[in-house]
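Take a look at the letters that make up each chain.
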Amino acid sequence: MTDRPSPPSASSLPILGWLGGWPISILSLLLGLAALFVFRRGLPHVAWIVGYLLLLWLLFVLITELRAPLHERGQGLVATVADYSIQTLYHNLLLFVLPAYYAAATLDSPNVIFPAMVAAGAVLTAIDPLYRRLVQPRPWLNHALLGFSMFAALNVALPLVRVRPFIALESSAVLSALALAPAFRRGAGGWLRAHAHALGAALIGVALVWVVGRFVVPPAPLFLARAVLARDVVQMRPVDAVESAVIPAATVTEWNAMTAYTAVYAPAGIRQPIRHVWWRDHEQVAYVDLPTPVRGGRLQGFRTYSTYTDLKPPVAGRYRVDVVTASGQLIGRLRFTVTP
């Protein structure tokens, strides 16, 4: 029995070993920053996201199927180049959608967790030595990173083609799980079992999104463009708006009501029912389903408001108004304090 040649490694190829360190990390970071610059000029174009996703998935499928034959033929360098390409696609894709999640997140709520995870993934894929040490030796982690990247990108892309955020959230979970079928095939022993495993993962993903995801994942690309407390709203303009976060109780008593004026940005074509949930000292005091759903396309945001009139003394306290979708995803929050 003859020994098969071992695949070339980064350490046996000096040039590749040098490129596999910080230079490739810096290049990947620069490419990601270029993608971020394009995003900051406006909403990400859905074709860009779909293009990244298709290229990432196709490379993933090819390298999953061809890795072993390539190594057997002594062509491990091809697999290594493909791995670097996949890593760069991960990085650019996560960095591309990160601003959308950051804008949609509320920093004092649980939905800041997901943008933090996207940022962590972008950093991990930018630092090549760290990626090689943590991800490449662990196929399960590489598959999890693929599923996470696809989920994060689809959840931004689908609303851009007029899918409501919560439906986009559920659909992203299903599609990203089904995309992992090639990864399941090697352990399952065949495509039928692989697709069955992927379908099971999709069902688990749907359940997790319903139980946890709608509270942890912000409804990107929706975000709160403006939120202000006012005495009233006339012709969709706040009257006697309070620009500070503190208002005297005497003023509120004189008004005999408090009005939360909010402007929610959404992409063109989106129709999203929302509600205002009023809280005082961590106790819910009002729950208002707004009669008109948010309609996307206005750069300054779709203007809405609700009025709280049940001002039982003492009115002093710490208030907040949560702006949430009909499914419970937090879009943003207005905070203010009524002083004695």
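To keep things clear, this report deals only with the structure shown in the data block. Keep in mind it's a predicted model, so treat the numbers as computed, not measured.

With that out of the way, let us pick up the overall build of the protein. A count of helices and strands for the protein gives eleven helices and twelve strands. In the protein, buried positions account for 46% of the 340 residues. Approximately 17200 Å² of the protein is accessible, and the part contributed by carbon and sulfur atoms is 64%.

Time to look at the packing of helix α8 (residues 165–178) against helix α10 (residues 191–216). Where α8 contacts α10, the axes come no closer than 8 Å and their chain directions differ by 150°. Taken together, the axes of α8 and α10 are roughly antiparallel relative to one another. Here α8 and α10 pass one another in a crossing that is right-handed. Every residue of α10 that contacts α8 at Phe166, Leu169, Glu170, Ala173, Val174, Ala177 and Leu178 is listed here: Ala198, Leu199, Ala201, Ala202, Gly205, Val206, Val209, Trp210, Gly213 and Arg214. Classifying every residue of the contact of α8 with α10 gives 13 nonpolar, two polar and two charged.

With the rule as written, the count across this model stands at eight salt bridges. Note that Arg335 and Asp108 form a salt bridge whose closest N and O atoms lie 2.6 Å from each other. Taken as a pair, Arg335 in strand β12 (residues 330–339) and Asp108 in the loop between α4 (76–104) and α5 (113–126) lie far apart in primary sequence, 227 residues in all. In this structure Arg335 comes out as partly exposed when scored by relative accessible area, which is 44%. Here Arg226 makes a salt bridge to Glu243, at a shortest N to O gap of 3.9 Å. Here the residue Arg226 occupies a position in strand β1 (residues 223–230), and Glu243 occupies one in the loop between β3 (237–239) and β4 (246–248), the gap between them amounting to 17 residues. Exposure remark for Arg226: the relative accessible area of 36% places this residue in the partly exposed category. Within this structure, Asp108, Arg320, Asp322, Arg333 and Arg335 form a network of salt bridges that share partners.

Here we come to the nonpolar core. Counting residues in hydrophobic clusters, the biggest one holds 45 residues, and the most contacted among them are Ile49, Tyr101, Phe114 and Val118. Secondary structure elements with two or more residues in this core: α3 (46–72), α4, α5, α7 (139–160), α8 and α10. Looking at this core, the element that brings in the most residues is α4, giving 13 residues. Setting aside residues up to four positions removed in sequence, Val118 forms contacts with Leu94, Val97, Leu98, Tyr101, Phe148 and Ala152. One finds Ile247, Ala249, Trp278 and Ala286 within the second-largest nonpolar core, a separate group that totals 18 residues.

Scoring rules and cut-offs
- Residues numbered from 1 in each chain as written.
- Predicted model: local features only at pLDDT ≥ 70, side-chain atom pairs only at ≥ 80, totals over all residues.
- Heavy atoms only, no water.
- Helix = DSSP H or I, 4+ residues; strand = E, 2+ residues; numbered from the N terminus.
- Buried < 20%, exposed > 50% of the residue type's maximum accessible area, 1.4 Å probe, protein only.
- Areas by Shrake-Rupley, 256 points an atom, 1.4 Å probe, with all protein chains shown as cover.
- Axes fitted to C-alpha atoms, helices over the stretch in contact; angles between N-to-C directions.
- Parallel < 35°, antiparallel > 145°, perpendicular 65-115°, else oblique.
- Left-handed = near helix turned anticlockwise from the far one by under 90°.
- Contact = heavy atoms within 4.5 Å.
- Nonpolar A, V, L, I, M, F, W, Y, C, P; charged D, E, K, R; others polar.
- Salt bridge = Lys/Arg side-chain N within 4 Å of Asp/Glu carboxyl O.
- Core = buried A, V, L, I, M, F, W, Y, C linked by side-chain atoms within 4.5 Å.

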